[in-house]
Amino acid sequence: MKSGFIAILGRPNVGKSSLLNAIIGTKIAIVTPKPQTTRRRITGILTQDDTQLVFTDTPGVFKSKNVLGDYMMKEVKTASEETDIILLVFDATDGLTNADKELIEKYQDAATVIAAINKTDIAKPDQVLPMIDELRHYEHISEIVPISALKGKNIDVLIDVLKKYIKDDVFFYPKDQVTDQSLRERVSELIREKAMFYLQQEIPHGVAVDIERYEDGDIIEIDALIICEKDNHKGIIIGSKGSTLKKIGSKAREELEFVLGKKVFLTLYVKVIKDWRKRKNILYDLGYYG
Ligand SMILES: Nc1nc2c(ncn2[C@@H]2O[C@H](COP(=O)(O)OP(=O)(O)OP(=O)(O)O)[C@@H](O)[C@H]2O)c(=O)[nH]1
Ligand SMILES: [Mg+2]
């Protein structure tokens, strides 16, 4: 029996959450085309025969500008400290950026660092090979694996590589558990994913979702509050004749029905909490604490 903890780290938008989902084979973490989608640590558990890999997806590393950002970066720090393996994810289409290099150097004393070069499906071969060469110069990087989280390419190879570096002899979770998130948290995250998807510029980053009511019967009834930080954002989120909110709601309901396996009746409300991302007590209420 073997097990170990793996923290998935990298810049925003490189595909960390997509990778977690590809590894586990279920959508655990939300994914959007916008940076700074993930705000909290999310655990994904992969148990195969006598091996258990416990992954932690983390927010992308960036320079924080408010209390929410501080919280996100604290989540990254905690994840990197409570792990056996640091799995650094890079975006092949960007090459190795200065921010990537800073991250690599930051973990030079970590026990095990493994590099995954993601998005190889859309990268040109002349982008991936120079990256591999560059990464080879860092002695503390034990392995380099080119992957595509979106296409599921080389994910099995990456899993086999990770298995070489783990050694604990207990399972930390039951064999059938895939995440530590509660159902309520997953529901709230899925709604936030759809909101982030349909909103533009700074608005998606100022959105939070709070589940006000969750009643499980023949139909699951959910009331959720979409919180935004400025009065004019509220109108944009609702859209003309409610069109944007309707799109968010119908996409969210579709996916919730798939995840929950039941008919869902979803009602969304929009509320302004001025500058909530800068307010510690509000962040605490929304579950961004610790
Ligand atoms: N073509 C391609 N796109 C990918 C791949 N992996 C992720 N993406 C896309 O990249 C975007 C960001 O993906 P995420 O998984 O949310 O990235 P992340 O690193 O978790 O981002 P943050 O949570 O913001 O730090 C999404 O549009 C994904 O569909 C890949 O292997 N190939
Ligand atoms: Mg993410």
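Preceding this section is the structure that the text describes.
Draft legend 1. Spotlight on unusual backbone geometry. In the Ramachandran plot, asparagine 13 falls in the positive-phi region, its phi being about 75 degrees despite a non-glycine side chain. Structurally, asparagine 13 is set in the loop between strand 1 (2–10) and helix 1 (16–24). Of note, glutamine 201 is a non-glycine position whose phi angle comes to about 50 degrees, a positive value. Counting through the fold element by element, glutamine 201 comes out in the loop between helix 6 (183–198) and strand 7 (208–216).

Draft legend 2. Quick peek at the side chain of threonine 38. Here threonine 38 shows up in the loop between helix 1 and strand 2 (42–48). The class of threonine 38 is buried, set by a relative accessible area of 7%. A distance of 2.8 Å separates a polar atom in the side chain of threonine 38 from a polar atom in the side chain of serine 17. Ignoring anything within four residues of it in the chain, the contact list for threonine 38 reads Ser17, Ile30, Asp57, Thr58, Pro59, Met72 and Arg192.

Draft legend 3. Highlighting the coordination of the magnesium ion (ligand 2). Around the magnesium ion (ligand 2), the protein contributes the donor atoms Ser17 (OG) and Thr38 (OG1), which lie 2.0 to 2.1 Å from the metal centre. You can see serine 17 sitting in helix 1 and its partner threonine 38 sitting in the loop between helix 1 and strand 2, a full 21 residues away along the chain.

Draft legend 4. Molecular detail of the site of ligand 1. Among the 23 residues in the neighbourhood of ligand 1, the closest are listed as Lys16, Ser18, Gln36, Thr37 and Asp121. Take serine 17: an N or O atom from its main chain is 2.9 Å from an oxygen atom of ligand 1. Considering ligand 1 on its own, with 660 Å² of exposed area, one finds that the protein chains cover 91% of that surface. A class-by-class count of the residues in the shell around ligand 1 yields eight nonpolar, eleven polar and four charged.

Draft legend 5. Representation of the sheet that holds strand 8 (residues 219–228) within the structure. What the three strands build is an open sheet, ordered 7-8-9; its pairing is mixed. In the strand order of this sheet, the two ends are held by strand 7 and strand 9 (263–272), each with one partner. Within this sheet the neighbouring strands show an average axis-to-axis angle of 15 degrees, counted without direction. The sheet contact formed by strand 8 and strand 9 spans ten bridges and is parallel.

Cut-off values and rules
- Residues numbered from 1 in each chain as written.
- Chains lettered and ligands numbered in written order.
- Predicted model: local features only at pLDDT ≥ 70, side-chain atom pairs only at ≥ 80, totals over all residues.
- Heavy atoms only, no water.
- Helix = DSSP H or I, 4+ residues; strand = E, 2+ residues; numbered from the N terminus.
- Buried < 20%, exposed > 50% of the residue type's maximum accessible area, 1.4 Å probe, protein only.
- Polar contact = N/O pair within 3.5 Å; in protein donor to acceptor, adjacent residues only side chain to side chain.
- Contact = heavy atoms within 4.5 Å.
- Donors = N, O, S within 2.8 Å, 3.2 Å for Na, K, Ca; no water.
- Near = heavy atom within 4 Å.
- Areas by Shrake-Rupley, 256 points an atom, 1.4 Å probe, with all protein chains shown as cover.
- Nonpolar A, V, L, I, M, F, W, Y, C, P; charged D, E, K, R; others polar.
- Pairing = 2+ DSSP bridges.
- Axes fitted to C-alpha atoms, helices over the stretch in contact; angles between N-to-C directions.

Treat this as a map of the structure, not an account of what it does.
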